[in-house]
Amino acid sequence: METVNPKPTEPRGRKLSIHVVTWNVASAAPPLDLDNLLQLDNQNLNLDMYVIGLQEMNCGIMSLLSDTAFEDPWSSFFMDVLSPLSFVKVSYVRMQGLLLLVFAKYQHLPFIQILSTKSTPTGLFGYWGNKGGVNICLKLYGYYVSIINCHLPPHMANNDQRLEHFDWILEMQNFKGLDIPNILDHDLIVWFGDMNFRIEDFGLHFVRESVKSQCYSDLWEKDQLSVAKRCDPLLREFQEGPLLFPPTYKFDKNSNNYDTSEKKRKPAWTDRILWRLKRQPHTGSCTPKLPAPHFSLSLRSYISHMMYTISDHKPVTGTFDLELKPLVSVPLITLMPECQWTMENDMLISYSSTPDFPSSPWDWIGLYKVGLRHINDYVSYVWVKDNQVSFKDKLNQVYINVSNIPETEDQFLLCYYSNNLRSVVGISNPFKIQPPALEEDPLGEAQPQI
């Protein structure tokens, strides 16, 4: 009787919740509590990723030197808060006062591949990074995603220059020499930052009274970004949520009062979050339309956070649900700690790889406590080729020394880091490492087992 092989099951759809933060922090240090900004006080929100962009971080010479040697205070703060919640810093890029951070729950790490990080300065004719954009390009479950944090030129009269810089930053994301498609062919672009667009025509009194009475519709009509989108076909492809919150600039520091200085700047929605999904190719009426991979983004909330007063800007956040059918659903590496691990021996790790995995002698496996902050936060590691003890039936075994690890009740993880892909490509389930066994001596006292 002929046997029928079952068809491989298609990967199930996934929904990822992503929280995007943009904030011009005006050189301030982190405040004591950012729970509201990160939505940690929202019990109904189960987030998978954080994308955080800051502008005007302190970039004095001493500060930059210190941040080069150590983590900058904002990155450290976010890691302190998010790592106990199982979020790991996946990637970051900094250009003077611009910082872009991506965090993800550790179970997503094997399905996030960092492809490129890039800085595009636009200050002083492109030679100075006080203005410009920083970009992280990654693959998320097989889909191309580009994330851009920008700081565009200020002042009402510089609207044309802002639009030129917007186009220039986009044009510079060319990924030459890398096997990465043009940014406009990426499945998703998330673009945010202090874009510095202002409200035209209306006077200061009218704008302030409209904000006070929450009558925003007239202001939307004169918002420079909204006006530009009506005329620019490419800019129109970038979507934005409704501006139902007060303008986020300019405030007196340590208050919720709009600018009372001599300049008395008009309030404006300078801080924005935009996104663009890949264009679907047009097909003729006679051409069968190919089913597009399932990939959609919906905005759950788009708000400002008025309680933070350390800056003359208020932070803005957008929370998104990304629904996708994974193009990659099996990790490139499957890790398995062998037997029961104790703190007295070299322990075995078995791992297998998919046929298309591009291995390298510089690949390594790290041992981490659950709650790791970033990929270099290991307690021990091993080069996979140096400590390999066997290879058969596509199963590799390496040993790792754990004798120097202090006794702890913490759980541990193994992560496989690919040098070629510059990303974690495999992760184990959490496990415990048992303390050294004790045995009784003839006098009845417990002794370390040797």
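Here, every reference points to the structure presented above.
Quick look at the structure, then. Sequence order sets the numbering: in each chain, residues are counted from 1 along the sequence as written. In view of the model being predicted, local features appear only for residues whose pLDDT reaches at least 70, and side-chain atom pairs are presented and counted only at 80 or more, with totals across whole chains, interfaces and linings using the full set of residues. Derived side-chain values reflect all non-hydrogen atoms in the structure, with water molecules and hydrogen atoms excluded from consideration.

## What to know about the overall build of the chain
Inference 1: Counting its regular elements, the chain contains 7 helices and 21 strands.
Inference 2: Within the chain, the proportion of its 450 residues that are buried is 48%.
Inference 3: Contacts between residues were defined by any pair of non-hydrogen atoms, one from each residue, lying within 4.5 Å. Counting contacts in the chain only where the partners sit at least 6 residues apart, residues at least 24 apart contribute 68% of the total.
Inference 4: When the accessible surface of the chain is split by element, carbon and sulfur atoms take 52% of a total near 22,800 Å². Helix and strand definitions here come from DSSP, where helices need a minimum of 4 consecutive H or I residues and strands a minimum of 2 consecutive E residues; each element is numbered from the N-terminal end. For the exposure calls, accessible area comes from a 1.4 Å probe over protein chains only, and a residue counts as buried if that area is under 20% of its type's maximum, exposed if over 50%, partly exposed in between. Throughout, the Shrake-Rupley method with a 1.4 Å probe supplies accessible areas, and for residues the shown protein chains are the sole cover considered.

## Some words on a nonpolar patch on the surface
Inference 1: Patch members must show over 30% relative accessible area and no salt bridge, and they are joined within 9 Å when carrying like charges or within 5 Å when they are nonpolar side chains of Val, Leu, Ile, Met, Phe, Trp or Tyr. What counts as a salt bridge is simple: a side-chain nitrogen of Lys or Arg found within 4 Å of a carboxyl oxygen of Asp or Glu. Together, Leu348, Val389 and Tyr399 make up a nonpolar patch on the protein surface, roughly 230 Å² of accessible area in all.
Inference 2: Structurally, the position occupied by tyrosine 399 is in strand S17 (residues 395–401).
Inference 3: Tyrosine 399 gets classed as partly exposed once you look at its relative accessible area, which sits at 33%.

## So, the pattern of salt bridges
Inference 1: In total, this model carries 12 salt bridges according to the counting rule given.
Inference 2: Between arginine 272 and aspartate 223 there is a salt bridge; the shortest N-O distance is 2.9 Å. Pair noted here: arginine 272 is in strand S9 (residues 271–277) and aspartate 223 is in the loop between helix H5 (217–222) and helix H6 (224–231), with a separation of 49 residues, a long-range link.
Inference 3: What makes aspartate 223 buried here is its relative accessible area of 0%.
Inference 4: The closest approach of N and O atoms between arginine 300 and aspartate 321, which form a salt bridge, is 2.8 Å. Here aspartate 321 lies in strand S11 (residues 316–324) and arginine 300 lies in strand S10 (residues 295–304), a separation of 21 residues in the sequence.
Inference 5: On the basis of relative accessibility, which here comes to 39%, the residue arginine 300 falls in the partly exposed class.
Inference 6: Classification of aspartate 321 by relative accessible area gives buried; the value is 10%.

## A few points about the sheet that holds strand S19 (residues 423–427)
For sheets, the rule is that strands pair by backbone hydrogen bonds, running either parallel or antiparallel.
Inference 1: Pairing between strands is defined by DSSP: at least two bridges between them are needed. Ordered by their spatial adjacency, 4 strands build an open sheet running S15-S14-S18-S19, and the pairing between neighbours is antiparallel. Here the strands that pair on one side only, and so sit at the sheet edges, are strand S15 (380–383) and S19. On average, adjacent strands in this sheet sit at an angle of 30° to one another, irrespective of strand direction.
Inference 2: In this structure, strand S18 (residues 412–418) lies alongside S19, joined through 4 bridges in antiparallel fashion. Of the residues in S19, the one forming a bridge with cysteine 415 is isoleucine 427. Here the axes come from fitting lines to C-alpha atoms, over the contacting stretch only for helices, and the angles between their N-to-C directions go from 0 to 180 degrees.

## A short note on unusual backbone geometry
Inference 1: For the peptide bond that leads from tyrosine 249 to lysine 250, omega is 0°, which places it in the cis range.
Inference 2: In this fold, lysine 250 is placed in the loop between helix H7 (233–236) and S9.
Inference 3: At histidine 155, a residue that is not glycine, the phi angle is positive and equals roughly 80°.
Inference 4: Here histidine 155 shows up in the loop between strand S7 (143–151) and helix H3 (159–171).

## Focus: a negative patch on the surface
Inference 1: A cluster of acidic residues, Asp160, Glu164, Asp167 and Glu171, forms a negative patch at the surface.
Inference 2: Its location among the elements puts glutamate 164 in helix H3. In this tally, Lys and Arg are treated as positive and Asp and Glu as negative; His is ignored, and so are the chain termini. Each charge is placed at NZ for Lys, CZ for Arg, CG for Asp and CD for Glu.

## Things to note about the side chain of threonine 354
Inference 1: Here threonine 354 lies in the loop between strand S13 (346–353) and strand S14 (364–369).
Inference 2: A distance of 2.8 Å separates polar atoms of two side chains, one belonging to threonine 354 and the other to aspartate 356.
Inference 3: Sequence-distant contacts of threonine 354, defined by excluding residues within four places in its chain, comprise Pro331 and Leu332. The term polar contact refers here to a pair of N or O atoms within 3.5 Å; inside protein, the definition further demands a hydrogen-donor-capable atom paired with an acceptor-capable atom, and it admits residues adjacent in sequence only when both atoms are side-chain atoms.

## Brief notes about the environment of glutamate 237
Inference 1: Tracing the sequence through the fold places glutamate 237 in the loop between H7 and S9.
Inference 2: In this structure the C-alpha to C-alpha distance between glutamate 237 and arginine 276, which are 39 residues apart in sequence, comes to 6.1 Å.
Inference 3: If we skip the residues at most four places from it in the chain, glutamate 237 touches Trp275, Arg276 and Arg279.

## Side note on the packing of aromatic side chains
Any pair of aromatic rings gets described here by the distance separating the centres and the angle formed by the planes.
Inference 1: Geometry of aromatic contacts follows a simple scheme: Phe, Tyr and Trp rings, the Trp one being its six-membered ring, pair when their centres are within 6.5 Å, and the pair is stacked under 30 degrees between planes, edge-to-face over 60, tilted otherwise. On inspection of all chains with the given rule, the structure shows 24 aromatic pairs.
Inference 2: With a centroid separation of 6.0 Å and 35° between ring planes, the pair formed by tryptophan 74 and phenylalanine 78 is classed as tilted. Of this pair, tryptophan 74 and phenylalanine 78 both sit in helix H2 (residues 73–82), separated by 4 residues, roughly a single helical turn.
Inference 3: Centroid distance phenylalanine 77 to phenylalanine 78: 6.3 Å. Interplanar angle 85°. Geometry classified as edge-to-face. For the pair phenylalanine 77 and phenylalanine 78, one class covers both residues: buried.

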